[in-house]
Amino acid sequence: MIEKPVITKECVKPLLETPFLNVADLQYAEGRHYYDATRHKLGEITATLTDEEFKAMTADAVTMTVIVKTPDEEPRLLLFYEYRYPTGRFLLSPPAGLMDPEDKNSDDPIRQTAVRELFEETGIRFGEKDSLHVISPVLFSSPGMTDECNAFVCAVVNLPDLSSLSQTHGQGSECFDGFSLLTRDEAREILRNGRDPYGNFFSIYTWGALMYFVSGMWE
């Protein structure tokens with residue numbers, strides 16, 4: 001059996017500390033370095049958690065597969081175009097957002113974050129006849145570079161029409177450019193092409209939302 005590196009808090013050497021992003025050198029052995037870009041405080045890096053702490057960890061953010069049902073229409077997947085600063089362009093994206101401190105202190109952090117972000121990014125108020133379930137409590141984005149992780153959830157919402165959809169409640173640096181409501185056939189076409197209708201690439205979370213929708217696992 002291969003002996004795994006053990007990374008303790010003493011292994012974490014700060015390289016950059018800012019209010020929004022930190023970079024650490026994980027010196028897991030003499031002369032051995034691995035770099036972690038993280039939203040976490042350097043004393044709370046995932047690599048230093050025990051197995052029990054790791055299995056009980058809370059995600060940094062929530063990403064949603066949002067399926068909209070309206071009268072006389074087949075169910076559609078709700079995505080939108082959001083400006084993604086690291087790529088320098090609008091990308092086809094699902095609703096998502098970071099957990100606020102008050103979310104983490106609530107009885108159901110994932111649900112509270114999802115309901116809040118759903119309204120902020122789409123204008124949809126989650127109702128009594130709507131449903132929400134967790135697909136995965138923690139998914140790592142790119143564990144070769146960061147310990148950032150998202151909970152992945154599915155929300156099925158019932159609307160009388162699409163007039164409530166709005167992108168006017170965005171927070172901070174969020175910048176949106178319209179909705180995309182996809183039928184199953186349209187979602188499959190995007191998956192086949194690996195590009196959106198404008199020929200652009202998209203994130204792994206968009207791919208996950210598309211796959212979950214067309215698979216029918218949400219039904």
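The text that follows walks through the structure, step by step, so that each part is easy to find.

## A closer look at the overall build of the chain
For step 1, the next point in the chain: Helix and strand content of the chain: 5 helices and 10 strands.
For step 2, the next point in the chain: The globule rule puts the C-alpha radius of gyration for 219 residues at 17 Å, and the 19 Å found for the chain is close to it.
For step 3, the next point in the chain: In the chain, which comprises 219 residues, the proportion classed as buried is 42%.
For step 4, the next point in the chain: Sequence separation of at least 24 residues holds for 57% of the intrachain contacts in the chain that already meet a minimum separation of 6.

## Side note on the layout of surface pockets
For step 1, the next point in the chain: If you add up the space inside the second largest pocket, you get close to 390 Å³.
For step 2, the next point in the chain: As for the second largest pocket, its lining consists of K4, P5, V6, I7, Y28, Y34, T46, A47, L49, T50, D51 and F54.
For step 3, the next point in the chain: In terms of residue class, the lining of the second largest pocket is built from 8 nonpolar, 2 polar and 2 charged.

## What to know about the environment of A29
For step 1, the next point in the chain: Note that A29 resides in strand β2 (residues 22-29).
For step 2, the next point in the chain: On a C-alpha basis, the gap between A29 and C11 in space is 8.3 Å, while along the polypeptide they are 18 residues apart.

## Details of the sheet that holds strand β3 (residues 32-38)
For step 1, the next point in the chain: Taken together, the 3 strands give an open sheet; going across it, the order is β1-β2-β3, and neighbouring strands pair in antiparallel fashion. Unpaired on one side and paired on the other, β1 (12-17) and β3 mark the two borders of the sheet. Sheet twist, expressed as the mean angle between neighbouring strand axes with direction ignored, is 20°.
For step 2, the next point in the chain: Two strands pair when backbone bridges link them, and β2 and β3 are joined in this way by 6 bridges, in the antiparallel orientation. In the sheet register, D25 faces β3, and the bridge partner there is Y35.

## Some remarks on the packing of aromatic side chains
For step 1, the next point in the chain: For the structure on display, the rule yields 8 aromatic pairs.
For step 2, the next point in the chain: Taking the centre distance of 6.0 Å and the plane angle of 15° together, the rings of F54 and F140 count as stacked. Of the two residues, F54 is situated in helix α1 (residues 51-55) and F140 in strand β8 (residues 131-140); the sequence distance between them amounts to 86 residues.
For step 3, the next point in the chain: In this structure F140 comes out as partly exposed when scored by relative accessible area, which is 30%.
For step 4, the next point in the chain: Between Y83 and F90, the ring centres sit 5.4 Å apart and the planes meet at 75°, which makes this aromatic pair edge-to-face.
For step 5, the next point in the chain: Classification of Y83 by relative accessible area gives partly exposed; the value is 26%.
For step 6, the next point in the chain: Three or more aromatic residues link up through ring pairs in this structure, and these residues are F80, F176 and F179.
For step 7, the next point in the chain: The ring centre of F119 lies 4.1 Å from the NZ or CZ of R125, which sits over that ring.
For step 8, the next point in the chain: The ring centre of F213 lies 5.8 Å from the NZ or CZ of R184, which sits over that ring.

## Notes on the pairing of strand β6 (residues 89-93)
Within a regular strand, the side chains alternate between the two sheet faces.
For step 1, the next point in the chain: Here strand β5 (residues 76-84) runs beside β6; their pairing, made up of 5 bridges, is antiparallel. Among the inter-strand pairings, Y83 is bridged to a residue of β6, identified as F90.
For step 2, the next point in the chain: Taking the residues between adjacent antiparallel strands as the criterion, β5 and β6 are bridged by 4 residues, where G88 takes a positive phi near 70°.

## A word on the nonpolar core
For step 1, the next point in the chain: The biggest cluster of nonpolar side chains holds 21 residues, and the ones touching the most others in it are V62, M64, V66, L118, I124, V153 and V157.
For step 2, the next point in the chain: Elements with a minimum of two residues in this core: β4 (61-69), α3 (109-122) and β9 (149-158).
For step 3, the next point in the chain: No other element matches β9, which puts 5 residues into this core.
For step 4, the next point in the chain: Grouped together as the second largest cluster of nonpolar side chains are 19 residues, L77, Y81, A187 and F202 included.

## Notes on helix α4 (residues 184-193)
For step 1, the next point in the chain: Those residues of α4 not exposed but buried are A187, I190 and L191. One face of α4 carries all of its buried residues, which in axial projection span an arc of 100°. For α4, exposure combined with an orientation more than 90 degrees from the buried face picks out D185 and R192.
For step 2, the next point in the chain: Considering only its buried residues, α4 is in contact with β6, β10 (176-182) and α5 (204-215).

Rules and cut-offs
- Residues numbered from 1 in each chain as written.
- Predicted model: local features only at pLDDT ≥ 70, side-chain atom pairs only at ≥ 80, totals over all residues.
- Heavy atoms only, no water.
- Helix = DSSP H or I, 4+ residues; strand = E, 2+ residues; numbered from the N terminus.
- Rg over C-alpha atoms; globule rule 2.2 N^0.38 Å.
- Buried < 20%, exposed > 50% of the residue type's maximum accessible area, 1.4 Å probe, protein only.
- Contact = heavy atoms within 4.5 Å.
- 1 Å grid on protein atoms, 1.4 Å probe; cavity = no way out; pocket = protein on both sides within 12 Å on 5 of 7 lines; lining within 4 Å.
- Points joined across faces, edges and corners; volume = space filled by probe spheres on them.
- Nonpolar A, V, L, I, M, F, W, Y, C, P; charged D, E, K, R; others polar.
- Pairing = 2+ DSSP bridges.
- Axes fitted to C-alpha atoms, helices over the stretch in contact; angles between N-to-C directions.
- Phe/Tyr/Trp six-rings, centres within 6.5 Å; stacked < 30°, edge-to-face > 60°.
- Lys NZ or Arg CZ within 6 Å of the ring centre and 35° of its normal.
- Core = buried A, V, L, I, M, F, W, Y, C linked by side-chain atoms within 4.5 Å.
- Arc of directions from axis to C-beta.

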